[in-house]
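Overview (structure and organization)
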Amino acid sequence: MNAPIQWPKAVNEIPKAIFTDAELYEREIETIFHGAQWHSLAHRAEISKPGDFKTMLLGRMPVIVANGEDGKIRVFFNSCTHRGNQVETASCGNRKAFECPYHRWMFRTNGELAVCPGSEEFSPGFDKKAYGLRELRTAEFCGLIFATASADTPPLETWLGQVAGTLAGALGGDGRLKLLGYQKVRYASNWKAYSDNDGYHAPLLHVGFRLLGWQGGQGSQTPTPNGHLAFESQLKPIVNREFLKDPSLIDLKATDPESGSRIAQLFPHTVITKHMDVINVRFATPISVDCTEVHYAYFAHADDSEELVRHRIRQSSNLLGPCGMISMEDASIFNRIHIGSFTPGNAAFQKGVKRFDEVGFDVKQNDESGNLPKWNYYCELMGFQRSEVA
Amino acid sequence: MLGIDEASLALVDDLQRRYIEALDRRAMEAWLDCFSQDADASYFCIAAENVEGGQEIALMYDDCRARLTDRVTFITKVWTGTFQPYRMRHFVQRIGIPTLDHGKLCVVSNFHIAITPEGGSSNLLAVGQYEDTVVLDRGEPRFLRKRAVYDTTVLPRYIVYPF
């Protein structure tokens with residue numbers, strides 16, 4: 001058995017062991033993913049028509065996000081209320097009803113049990129009404145559909161807090177989006193190493209930015225006490241456009257450079273970005289202690305011209321995904337952080353750290369210290385005690 | 001002139017061999033040389049799930065020769081030293097009978113790509129189909145359009161090289 005993890009006293013340090021400890025991972029699934037947090041599972045644009053659905057994992061629990069015949073979006077456990085069989089296997093599609101193939105129980109898109117053959121021989125008092133698909137608490141913000149398995153999760157607006165404005169900005173302002181498609185990938189990394197490094201980080205990593213003479217504009221970073229992080233920044237024009245044979249790829253067609261970049265990083269690990277003309281929700285799922293699956297879903301705005309949609313497809317495909325011109329390096333860092341975390345000791349945050357005894361919320365655009373309120377929240381949530389000896 | 005005859009098919013098969021040999025060597029200039037000089041020469045690498053859903057987002061979306069050239073620049077100049085190197089072995093098999101469209105040959109092939117990361121063991125990277133349009137360019141068959149449609153719903157890692 002591993003020695004218990006000691007959480008250091010200094011708030012700018014985190015134990016590396018938290019990225020690799022399998023027992024801790026199991027506790028996180030229960031405490032965080034099955035616990036009192038909202039988890040974004042879909043955007044309305046992915047399931048825009050009645051009967052449209054998408055399957056996802058909420059922690060380990062399979063769920064169906066379904067647009068009912070009545071136009072209401074609900075989230076159900078993807079498990080037959082009879083013997084627990086997984087009801088739907090497709091990642092997305094459109095159904096008139098969900099049928100469990102085992103005993104042919106059939107559920108309406110609003111979850112009600114419609115058909116259960118042979119029910120005259122079922123247990124005394126069997127009532128179909130009590131056997132609808134089990135529905136989770138659901139809430140929506142700018143079309144983003146959240147669910148939680150806990151009754152204790154605060155209302156969504158409260159939970160989002162200060163990050164709400166940035167999130168709306170990242171989702172096109174009003175959330176009226178159109179799905180363009182997906183890039184799906186697994187990273188050999190603990191979910192926390194993914195979330196700690198996906199939202200925003202020092203531009204030093206990105207050689208592409210430098211070669212393009214591409215400096216970020218003025219911006220801000222706003223952490224919330226419950227682990228979210230919001231970034232807003234300008235985008236300055238690219239200086240060395242001639243570095244590319246096809247600079248049209250990096251044009252700004254729909255975006256005011258003053259509000260060029262909006263990134264909302266939601267606890268525990270969903271990232272929503274609007275960078276240049278790319279509107280992207282990164283739906284992440286922890287698969288195991290050392291594997292995280294990310295579905296990059298890309299969107300256009302419902303009012304876009306055909307030409308603008310085409311531009312968004314080109315830019316989204318090539319710029320910020322798992323082999324994007326600017327972001328491929330990120331993915332390699334997730335993996336390397338994970339490998340490095342098997343060594344003893346703590347990882348230390350430096351840039352922007354002003355004191356060791358409490359986390360600060362006054363952080364500058366490129367400060368590493370913006371991640372620390374999230375770590376402080378995680379530390380408390382998981383019941384770690386800060387210790388002098390670590 | 002390409003046709004549906006044995007000589008043309010042998011030329012097309014030779015192009016596929018040049019293509020996978022270039023990628024297995026990670027020789028990006030040789031990869032680029034498998035494409036026509038036409039300004040509209042294109043390469044797409046896209047999930048079958050997107051194609052089936054009528055969605056156009058791709059993993060790589062190079063819809064003109066200039067984009068193909070930029071991809072080579074990024075792999076060979078920009079990303080150097082940032083990613084863990086990996087080897088690939090491509091296995092390709094032409095399937096079905098090609099069709100002819102105004103002197104262009106439309107060919108479908110299955111592909112299977114094995115990956116061996118530096119210091120690691122070998123695994124499957126992706127499987128899928130190439131949908132290719134082949135023309136004669138500078139006296140040799142070259143791709144006017146190549147689309148790699150991968151079945152692998154969730155890719156096992158980040159990607160550097162084209163499929």
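Our structure is the block above this text.
What you see as residue numbers is a count from 1 along each chain, following the sequence as written. For this description, chains carry letters from A and ligands carry numbers from 1, given in the order in which they are written. Reporting in this predicted model follows two pLDDT cut-offs: at least 70 for local features of residues, and 80 or more for side-chain atom pairs to be given and counted; totals over whole chains, interfaces and linings ignore these cut-offs and use all residues. In computing side-chain properties, one takes all heavy atoms of the structure into account and sets aside hydrogens as well as water.

Comments concerning the overall build of chain B
For the record, the criterion: Numbered from the N terminus, helices here are DSSP runs of H or I no shorter than four residues, and strands are runs of E no shorter than two. To get the radius of gyration, use the C-alpha atoms; to get the globule rule, take the number of residues to the power 0.38 and multiply by 2.2 Å. The classification of residues rests on relative accessible area computed with a 1.4 Å probe and restricted to protein chains. Under 20% of the type maximum is buried, over 50% is exposed, and intermediate values are partly exposed. Any two residues whose heavy atoms approach within 4.5 Å at even a single point are treated as in contact.
A count of helical and extended segments in chain B gives four helices and six strands. Taken from N to C terminus, the helices and strands of chain B fall in the order α-α-β-α-β-α-β-β-β-β. A compact globule built from 163 residues would reach a C-alpha radius of gyration of about 15 Å, and chain B, at 15 Å, matches this within 12%. Taken along the three principal axes of its C-alpha coordinates, chain B extends 45 × 30 × 30 Å. A burial count over chain B gives 55% of its 163 residues as buried. For chain B, restricting intrachain contacts to residue pairs at least 6 apart in sequence, the fraction spanning at least 24 positions comes to 62%.

Comments concerning the sheet that holds strand E10 (residues 113-115) of chain A
Residue and element names in this part refer to chain A. The condition that has to hold: At least two bridges found by DSSP between two strands are what make those strands a pair. Only the stretch in contact is used when fitting a helix axis, every axis being a line fitted to C-alpha atoms; angles between N-to-C directions are given from 0 to 180 degrees.
On the basis of which strands lie adjacent, the open sheet formed by three strands has the order E8-E9-E10 and antiparallel pairing. Of all the strands in the sheet, just strand E8 (97-99) and E10 have a single pairing partner and so form its edges. In this sheet, neighbouring strand axes are inclined to one another by 35° on average, regardless of whether the strands run parallel or antiparallel. Pairing analysis gives three bridges linking E8 to strand E9 (residues 106-108), with the strands arranged antiparallel.

Things to note about the interface of chain B and chain A
Selection criterion: Here's the idea: put two parts together, see how much 1.4 Å probe accessible area each one loses, and the total over both is what we call buried area. For salt bridges, the criterion is a side-chain nitrogen of Lys or Arg within 4 Å of an Asp or Glu carboxyl oxygen. N or O atoms within 3.5 Å of each other form a polar contact, as long as, within protein, one can give a hydrogen and the other can take it, and as long as residues adjacent in sequence are counted only when both atoms are side-chain atoms.
Contacts between the two partners involve 33 residues from chain B and, on the opposite side, 37 residues from chain A. Overall, the association of chain B and chain A removes approximately 3,100 Å² of surface from exposure, summing both partners, and the carbon and sulfur fraction of that is 60%. Of all residues in chain B, B:Ile57, B:Phe74 and B:Tyr158 give up the largest surface area on contact with chain A, accounting jointly for 21% of the area buried on that side. Counting across the interface, chain B meets chain A through three salt bridges. For B:Glu56, the salt bridge identified is with A:Arg310, shortest N-O distance 2.7 Å. Taken together, the links from chain B to chain A amount to 19 residue pairs in polar contact (both at pLDDT 80 or more). It is helix H4 (residues 65-78) of chain B that contributes the most residues to the side of chain B that touches chain A, eight residues altogether.

Here we look at empty space enclosed by the protein
All names here are of chain A. As a reminder, the rule being used: In this analysis, the protein atoms alone were mapped onto a 1 Å grid. Cavities are point sets where a 1.4 Å probe fits without being able to get out; pockets are open sets with protein on both sides within 12 Å along at least five of seven lines; lining residues have an atom within 4 Å of a point. Grid points are joined across faces, edges and corners, and a volume is the space filled by probe spheres set on the points. Ten residue types, Ala, Val, Leu, Ile, Met, Phe, Trp, Tyr, Cys and Pro, are classed as nonpolar, four, Asp, Glu, Lys and Arg, as charged, and the remainder, Gly among them, as polar.
This structure, assessed with the given rule, holds five cavities of 30 Å³ or more. Its boundaries defined by the atoms lining it, the largest cavity holds a volume of some 100 Å³. Along the wall of the largest cavity there are 15 residues; nearest its centre are His39, Ser40, Leu57, His269 and Ala284. Secondary structure elements with two or more residues in the lining of the largest cavity: strand E3 (39-43), strand E4 (52-58) and strand E18 (278-288). Sorting elements by how many residues they give to the lining of the largest cavity places E18 first, with four residues. For the lining of the largest cavity, the class distribution of residues is nine nonpolar, six polar and no charged.

Some remarks on the side chain of B:Asp132
All names here are of chain B. By the element assignment, aspartate 132 lies in strand E5 (residues 123-137). A distance of 2.7 Å separates polar atoms of two side chains, one belonging to aspartate 132 and the other to glutamine 16. When near neighbours in sequence (up to four residues on either side) are disregarded, aspartate 132 contacts Gln16, Leu105, Cys106, Val107, Phe143, Arg145, Lys146 and Arg147.

As for the sheet that holds strand E3 (residues 86-101) of chain B
All names here are of chain B. An order of E2-E1-E6-E5-E4-E3 is seen for the six strands of this open sheet, with the pairing classed as mixed. Here the strands that pair on one side only, and so sit at the sheet edges, are strand E2 (60-62) and E3. The mean inter-strand angle of the sheet, taken between neighbouring strand axes irrespective of direction, is 25°. Bridge count for strand E1 (residues 42-47) against strand E6 (residues 140-150) is six bridges, and the pairing is parallel. In the sheet register, serine 42 faces E6, and the bridge partner there is arginine 145. On the sheet, helix H1 (residues 6-24) packs against E1, E3, strand E4 (104-117), E5 and E6 and is oriented at approximately 60° with respect to E6.

Overview of the packing of helix H4 (residues 191-198) of chain A against helix H8 (residues 372-381) of chain A
A pair of packed helices is characterised by two quantities: the angle between their axes and the separation of those axes. Residue and element names in this part refer to chain A. To keep things clear, this is the line we draw: An angle below 35 degrees is read as roughly parallel, one above 145 as roughly antiparallel, one from 65 to 115 as roughly perpendicular, and any other as oblique. The hand of a helix crossing depends on one turn: near helix anticlockwise from the far one by less than a right angle means left-handed, and clockwise means right-handed.
Direction vectors running N to C along H4 and H8 enclose 155°, while the axes themselves pass 11 Å from each other. On the basis of the axis angle, H4 is roughly antiparallel to H8. Crossing of H4 over H8 shows right-handed handedness. For the pair H4 and H8, contact is made by Trp191, Lys192, Ser195 and Asp196 and by Lys374, Trp375 and Tyr378, respectively. Among the residues forming the contact of H4 with H8, the class breakdown is three nonpolar, one polar and three charged.

Quick notes on the packing of aromatic side chains
Heads up, the condition is: Each pair of aromatic rings taken from Phe, Tyr and Trp, with Trp reduced to its six-membered ring, is defined by centres within 6.5 Å and is described as stacked if the planes are under 30 degrees apart, edge-to-face if over 60, and tilted in the remaining cases. Both a distance and an angle decide whether a charge sits over a ring: NZ of Lys or CZ of Arg must be within 6 Å of the ring centre and within 35 degrees of the ring normal.
On inspection of all chains with the given rule, the structure shows 33 aromatic pairs over all chains. Each ring, one from A:Tyr194 and one from A:Phe334, has its centre 5.2 Å from the other, and the planes form 75°; the classification is edge-to-face. With A:Tyr194 in helix H4 and A:Phe334 in helix H7 (residues 328-340), this pair connects stretches of sequence that are 140 residues apart. Each member of the pair, A:Tyr194 as well as A:Phe334, carries the same accessibility label: buried. Summarising the aromatic geometry, the rings of B:Tyr19 and B:Tyr130 are spaced 5.8 Å apart at their centres and angled 80° between planes, so their arrangement reads as edge-to-face. Of this pair, B:Tyr19 sits in helix H1 while B:Tyr130 sits in strand E5, and the two are 111 residues apart along the sequence. No difference in accessibility class separates B:Tyr19 from B:Tyr130, as the two residues are buried. Among the aromatic side chains, those forming a connected cluster through ring pairs are B:Tyr19, B:Trp31, B:Phe35, B:Tyr43, B:Phe111, B:Tyr130, B:Phe143, B:Tyr150 and B:Phe163. A:Lys54 extends its terminal NZ or CZ atom over the ring of A:Phe283, reaching a point 3.8 Å from the ring centre. Lying across the ring of B:Tyr130, B:Lys146 places its NZ or CZ 3.7 Å from the centre.

Overview of the pattern of salt bridges
All names here are of chain A. Enumeration according to the criterion identifies 37 salt bridges over all chains in this entry. For the salt bridge of lysine 192 with glutamate 28, the shortest nitrogen-to-oxygen distance reads 2.8 Å. Highlighted residues: lysine 192 in helix H4 and glutamate 28 in helix H1 (residues 22-33), separated in sequence by 164 residues. You can call lysine 192 buried: its relative accessible area is 2%. Residue class for glutamate 28 comes out buried when judged on its relative accessible area of 0%. Taking the shortest distance from any N to any O, the salt bridge between arginine 104 and glutamate 99 comes out at 3.2 Å.

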